[in-house]
Amino acid sequence: MTRITLPRPDDWHLHLRDGAMLTGVLPETTRHFARAIVMPNLVPPVVTGAEAAAYRDRILTALPAGAAFEPLMTLYLTETTDPADVAAAAASGLVKAVKLYPAGATTNSHSGVRDFDKVRGVLEKMAEIGLPLCVHGEVVDPAIDIFDREAVFIETVLDPIRRATPGLRVVMEHITTKDGVDYARSQDDTLAATITTHHLILNRNHILVGGIKPHYYCLPVAKREHHRLALRAAATSGETRFFLGTDSAPHVDPLKECACGCAGCFTATNTMQLLAHVFEEEGRLANLSAFASENGPRFYRLPVNTATLTLEKTTTAAHWPAKIETGAGPVTVFDPGFPVFWHAID
Ligand code: NCD
Ligand code: ZN
């Protein structure tokens, strides 16, 4: 097969930022994607329904001319989040999920949750109304090795929260381990998991062997090869619980290429081409539509897009810019380290 047409894909985990960065990176997503779950980890974070409405307006204002793109807004869960505000923002259709960051787990997460008892009321309200909780699944205990943080989180935080809040619908965001895959598969359909493009391509050697590669550093950090293989098997399986969340996370190059570089890979530009490559390698091109276009809307209870995207394989390697020049500065586009012959016909 050298040409496939999918319902237009959606990105179920995306960082768009704000201001000049937002304007610079938004066209990279709207070129191929119809919708995206937009992460709320701005500075300050998007906590209330009113803040989400204002952020949504800024995104719509920044849209390139003619783009048909719908931002799906999220709220950043804090220990003082008001369950009634969350319920109102969901009922109005504005907010599609609430995001849980354990405090200190990743970029701009200091306002996140330390004491899970303090968010019990919000989680119960969300279970009642069916609003998904998107979870950054890493513990922050400095005694836990960074490569074990996801597995420990599942056992000590995620599973207890789900047991304590029956019916709560949860997305394990950007899973990076076989433990995450196995846990997602062992549970009922209140649980789903997103997988990024870069975690299908990178293992930890790619970050560290032959010199440190700051543009391959993201959180959760890429793990051992057997975890990457488990993620590839899950993503390409067609199982409804797994879908695409790129976690495309732009940072300007000076903040990546320095002594204390920020976490995040910028994959908005070339995700669909890379996914076609990966799915073809796995002999599962026919399941790309499930992963990128169908399973996400099914979990979020939204229609599959009627517009389409066509991907075509040619004998010419695909080209994308090495960097996107934004008003905030240059952002390096994820380099898979191998040639890709799939092109998106936009
Ligand atoms: C994200 C960011 O830069 O906002 N970084 C990352 O490495 N993924 C935060 C996150 O999703 O963890
Ligand atoms: Zn993210």
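Since the model is a prediction, treat every value here as computed from it, not as a measurement. (Residues numbered from 1 in each chain as written. Chains lettered and ligands numbered in written order. Predicted model: local features only at pLDDT ≥ 70, side-chain atom pairs only at ≥ 80, totals over all residues. Heavy atoms only, no water.)

**Overview of the state of the cysteines**
So, step 1. Summed over the entire model, instances satisfying the criterion amount to zero disulfides.
So, step 2. We note that C258 lacks a disulfide partner, and the nearest cysteine sulfur, in C262, lies 6.5 Å from it.
So, step 3. Residue C258 is classed as partly exposed on the basis of its relative accessible area of 39%.
So, step 4. Residue C260 stays outside any disulfide, its sulfur separated by 6.6 Å from that of C258, the closest cysteine. (Disulfide = S-S within 2.5 Å. Buried < 20%, exposed > 50% of the residue type's maximum accessible area, 1.4 Å probe, protein only.)

**Digging into the site of ligand 1**
So, step 1. Neighbouring ligand 1 are 15 residues, the closest being N41, T106, L219, D247 and H251.
So, step 2. Within the backbone of L219, one N or O atom sits 2.8 Å away from an oxygen atom of ligand 1.
So, step 3. Relative to its free-state accessible area of 320 Å², ligand 1 is covered by the protein chains to the extent of 100%. (Near = heavy atom within 4 Å. Polar contact = N/O pair within 3.5 Å; in protein donor to acceptor, adjacent residues only side chain to side chain. Areas by Shrake-Rupley, 256 points an atom, 1.4 Å probe, with all protein chains shown as cover.)

**Some words on the nonpolar core**
So, step 1. Counting residues in hydrophobic clusters, the biggest one holds 93 residues, and the most contacted among them are L133 and L311.
So, step 2. Take this core: its biggest share by element is six residues, from helix α10 (residues 271–281).
So, step 3. Beyond its immediate chain neighbours, meaning those up to four positions away, L311 contacts T2, R3, I4, L6, M272, A276, L288, W342, H343 and A344.
So, step 4. Counting residues in hydrophobic clusters, the runner-up holds 14 residues, among them M39, Y101, V171 and F299. (Core = buried A, V, L, I, M, F, W, Y, C linked by side-chain atoms within 4.5 Å. Helix = DSSP H or I, 4+ residues; strand = E, 2+ residues; numbered from the N terminus. Contact = heavy atoms within 4.5 Å.)

**Digging into the side chain of T30**
So, step 1. Within the fold, T30 resides in helix α1 (residues 19–30).
So, step 2. We classify T30 as buried; its relative accessible area is 10%.

**Digging into the coordination of the zinc ion (ligand 2)**
So, step 1. Distances from the zinc ion (ligand 2) to its protein donors, H13 (NE2), H15 (NE2) and D247 (OD), fall within 2.0 Å.
So, step 2. Of note is the zinc ion (ligand 2), whose four donor atoms meet at the metal with angles of 91 to 140° in an arrangement that counts as irregular.
So, step 3. We note that the donor set of the zinc ion (ligand 2) lies within a single chain, spaced as H-x1-H-x231-D. Pair noted here: H13 is in strand β2 (residues 10–14) and D247 is in the loop between β9 (242–244) and α9 (253–256), with a separation of 234 residues, a long-range link. Per residue, the accessibility class of H13 equals that of D247, and both read buried. (Donors = N, O, S within 2.8 Å, 3.2 Å for Na, K, Ca; no water. Tetrahedral: all angles 85-135°; square planar, octahedral: opposite > 155°, others 65-115°.)

**Focus: the pattern of salt bridges**
So, step 1. For the structure on display, the rule yields 19 salt bridges.
So, step 2. In this structure, E79 and K118 form a salt bridge, with 3.7 Å as the shortest nitrogen-oxygen distance. Placement of the pair is E79 in the loop between β4 (70–76) and α3 (83–91) and K118 in the loop between β5 (95–100) and α4 (120–129), with a sequence separation of 39 residues.
So, step 3. Salt-bridge contacts for R232 lead to E282; the nearest nitrogen and oxygen are separated by 2.7 Å. Of this pair, R232 sits in helix α8 (residues 225–235) while E282 sits in the loop between α10 and α11 (288–300), placing them 50 residues apart in sequence.
So, step 4. Each of E79, D115 and K118 takes part in salt bridges that share partners, so that together they form one network. (Salt bridge = Lys/Arg side-chain N within 4 Å of Asp/Glu carboxyl O.)

**Topic: the environment of K96**
So, step 1. Positionally, K96 belongs in strand β5.
So, step 2. Sequence separation between K96 and G130 is 34 residues; the distance between their C-alpha atoms is 10.0 Å.
So, step 3. Within the structure, the side chain of K96 is placed 2.5 Å from the backbone oxygen of G93, a separation counted as a polar contact.

**Description of the packing of α3 against α4**
So, step 1. Relative orientation of the contacting elements α3 and α4 amounts to 30°, with a least axis distance of 9 Å. The orientation of α3 with respect to α4, classified from their angle, is roughly parallel. The interaxial crossing formed by α3 with α4 has right-handed handedness. Only G121, V122, K125, M126 and I129 of α4 make contact with α3, whose side of the interface consists of P83, V86, A87 and A90.
So, step 2. Split into classes, the residues belonging to the contact of α3 with α4 amount to seven nonpolar, one polar and one charged. (Axes fitted to C-alpha atoms, helices over the stretch in contact; angles between N-to-C directions. Parallel < 35°, antiparallel > 145°, perpendicular 65-115°, else oblique. Left-handed = near helix turned anticlockwise from the far one by under 90°. Nonpolar A, V, L, I, M, F, W, Y, C, P; charged D, E, K, R; others polar.)

**Structural notes on the packing of helix α6 (residues 178–186) against α8**
So, step 1. Running from N to C, α6 and α8 cross one another at 35°; their axes reach a closest spacing of 8 Å. Of the residues in α8, those in contact with K178, D179, V181 and R185 of α6 are H226, H227, A230, L231, A233 and A234.
So, step 2. Looking at the contact of α6 with α8 residue by residue, the classes come out as five nonpolar, two polar and three charged.

**Focus on the sheet that holds strand β1 (residues 3–7)**
So, step 1. Spatially, the three strands line up as an open sheet ordered β1-β10-β13, and their pairing is antiparallel. Strands at the two margins of the open sheet, each flanked by one partner only, are β1 and β13 (342–345). Across the sheet, the mean angle separating the axes of adjacent strands is 25° when strand polarity is ignored.
So, step 2. By the bridge criterion, five bridges tie β1 to strand β10 (residues 308–313) in an arrangement that is antiparallel. Within β10, the residue paired with L6 across the bridge is L309.
So, step 3. The strands touched by α10 within the sheet are β1, β10 and β13, with β13 carrying the most contacts at an inclination of about 135°.
So, step 4. Sheet contacts for α11: β1 and β10; angle to β1, the most-contacted strand, approximately 25°. (Pairing = 2+ DSSP bridges.)

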